[in-house]
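Notes for the structure review
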Amino acid sequence: MRDALIATVASAAHADWQKTFRAQNPDKPTREKTTTDHAWSERHGGLTTVDLLATPYEGLPLDWQGENKAGAEIAVDAVLHVADTGDRMDNAFIERIADVLHAAWVSRNPWAPDALRVPYSELDDVEKEKDRVFVRRAIKAYNTHMAEGARGSLDASRSPCQG
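On a predicted model such as this, the values are computed, not experimentally measured, just so you know.

Let's shift gears to the packing of aromatic side chains. Applying the stated criterion to the full structure yields two aromatic pairs. Considering the side-chain rings of W17 and F21, the 5.2 Å spacing of their centres and the 35° angle between planes classify their relative orientation as tilted. Taken as a pair, W17 and F21 lie in helix α1 (residues 2-24) at a separation of four residues, close to a single helical turn. Here F21 falls in the buried class, since its relative accessible area comes to 10%. Aromatic side chains W105 and W111 sit 5.9 Å apart centroid to centroid with 80° between the ring planes, which places their arrangement in the edge-to-face category. What makes W111 exposed here is its relative accessible area of 61%. Lying over the aromatic face of Y120, K128 brings its terminal NZ or CZ to 5.3 Å of the ring centre.

Quick look at the side chain of H102 now. With respect to the helices and strands, H102 occurs in helix α4 (residues 91-108). Side-chain polar atoms of H102 contact the backbone oxygen of V118, separated by 2.9 Å. Apart from the residues lying within four places of it in its own chain, the contact partners of H102 are L116, V118, P119, Y120, L123 and D131.

The terminal C-alpha atoms of α1 lie 32 Å apart, and with 23 residues this matches the ideal 33 Å at 1.5 Å per residue to within 8%. Among all positions in α1, only L5, I6, V9, A10, S11, A12, A13, H14, D16, Q18 and F21 are buried.

Calculation criteria
Residues numbered from 1 in each chain as written. Predicted model: local features only at pLDDT ≥ 70, side-chain atom pairs only at ≥ 80, totals over all residues. Heavy atoms only, no water. Phe/Tyr/Trp six-rings, centres within 6.5 Å; stacked < 30°, edge-to-face > 60°. Helix = DSSP H or I, 4+ residues; strand = E, 2+ residues; numbered from the N terminus. Buried < 20%, exposed > 50% of the residue type's maximum accessible area, 1.4 Å probe, protein only. Lys NZ or Arg CZ within 6 Å of the ring centre and 35° of its normal. Polar contact = N/O pair within 3.5 Å; in protein donor to acceptor, adjacent residues only side chain to side chain. Contact = heavy atoms within 4.5 Å. Expected span 1.5 Å × (residues − 1).

Interpretation in functional terms is not warranted from these geometric data alone.
Below, the structure written as structure tokens:
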């Protein structure tokens, strides 16, 4: 379940980023980045760049999937922990885990501009939202998974003769 939730959250977060980036940067139709994923490059005719705006998460090189996956892992693990303990997944939870996500992102990205190398509480709402989306997506993926599991359990308990 954990791996499936991580993949779902990482993919959804990337799609959310694409939508937000396009809305905030209508004059930038592409977002080209260099990749170090040689296997991806070989599968794409020797390309060494990827357009992040045109490529779904599943089609990204591994080095560009990494940030989304790392954020998804933190958010999913937090949601699974809270689900086990019975605590609430409310706005305070979202903010607490978004803070953890941001701190982890800063530690993974020493190249980040000084404006982003600040505590989560000092970020503007646009930047905070980039972290919150992972937590919201993890909650949604978990709830969807649990609802589908409950329906599957109900369906499996019914015999073919029952209408």
